[in-house]
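Structure assessment
Spelled out from the first residue to the last, the chains are:
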Amino acid sequence: IPATPRQLEGMIRLSEALARMRLEERVTAADVQEAVRLMRVATLAAATDKATGLVDLGAIATGHSANDRGILEAMSTEIRRLIEAHPRGEHIPLADLRDELQAQSDADVDQQLFIRAIRDLADDDILTHNSRNASVLRR
């Protein structure tokens, strides 16, 4: 995996900190090796999907696991279908839309993913999200 300049700078800072912990002014090869090991462990931990335990490098780039991205995509598709069942221009309370979505699902609807799906659909001009009155408007 290629390292970014920021990661290289981080390894330098870690190596220097390890030397300072030993009250040394010079960084040794062992300090660098430990810094590399720590960066690998940290990167692996950040890339591991907590739900599946599998490494997901997309989680580092997007901040969301492949599992969450799949759930978000399915949720967005279903919300879009539910909204299209309502007439254009109708305000749909988010609570009602969430209840409709929950009624179709065996699992609990994650509120953060639900709001993210709403925002993504608003970005795609499928709906208008009015956060003040907690509703959406079908376009």
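Right above here is the structure, for reference.
The paragraphs below set out a description of the structure included in this document. (Residues numbered from 1 in each chain as written. Predicted model: local features only at pLDDT ≥ 70, side-chain atom pairs only at ≥ 80, totals over all residues. Heavy atoms only, no water.)

Some words on unusual backbone geometry
Put simply, the rule is: Secondary structure elements follow DSSP: runs of H or I no shorter than four residues count as helices, runs of E no shorter than two count as strands, and numbering proceeds from the N terminus.
With a phi close to 60°, Leu23 is a non-glycine residue in the positive phi region. Looking at the secondary structure, you find Leu23 in the loop between helix H1 (5-21) and helix H2 (29-47). Non-glycine residue Ala134 carries a positive phi angle of around 50°. Topologically, Ala134 is positioned in the loop between strand S2 (127-130) and strand S3 (135-138).

With respect to the pattern of salt bridges
Note the following rule: The salt bridge criterion pairs a side-chain nitrogen of Lys or Arg with a carboxyl oxygen of Asp or Glu, the two atoms within 4 Å. Residue exposure (1.4 Å probe, protein chains only): buried if accessible area is under 20% of the type maximum, exposed if over 50%, otherwise partly exposed.
Within this structure, the stated rule accounts for five salt bridges. One salt bridge connects Glu34 with Arg37, and the closest N-O pair in it is separated by 2.8 Å. Note that Glu34 and Arg37 are positioned in helix H2 at a spacing of three residues, about one turn of the helix. Overall, the relative accessible area of 26% leaves Glu34 in the partly exposed class.

Coordinates in, geometry out; function isn't part of it.
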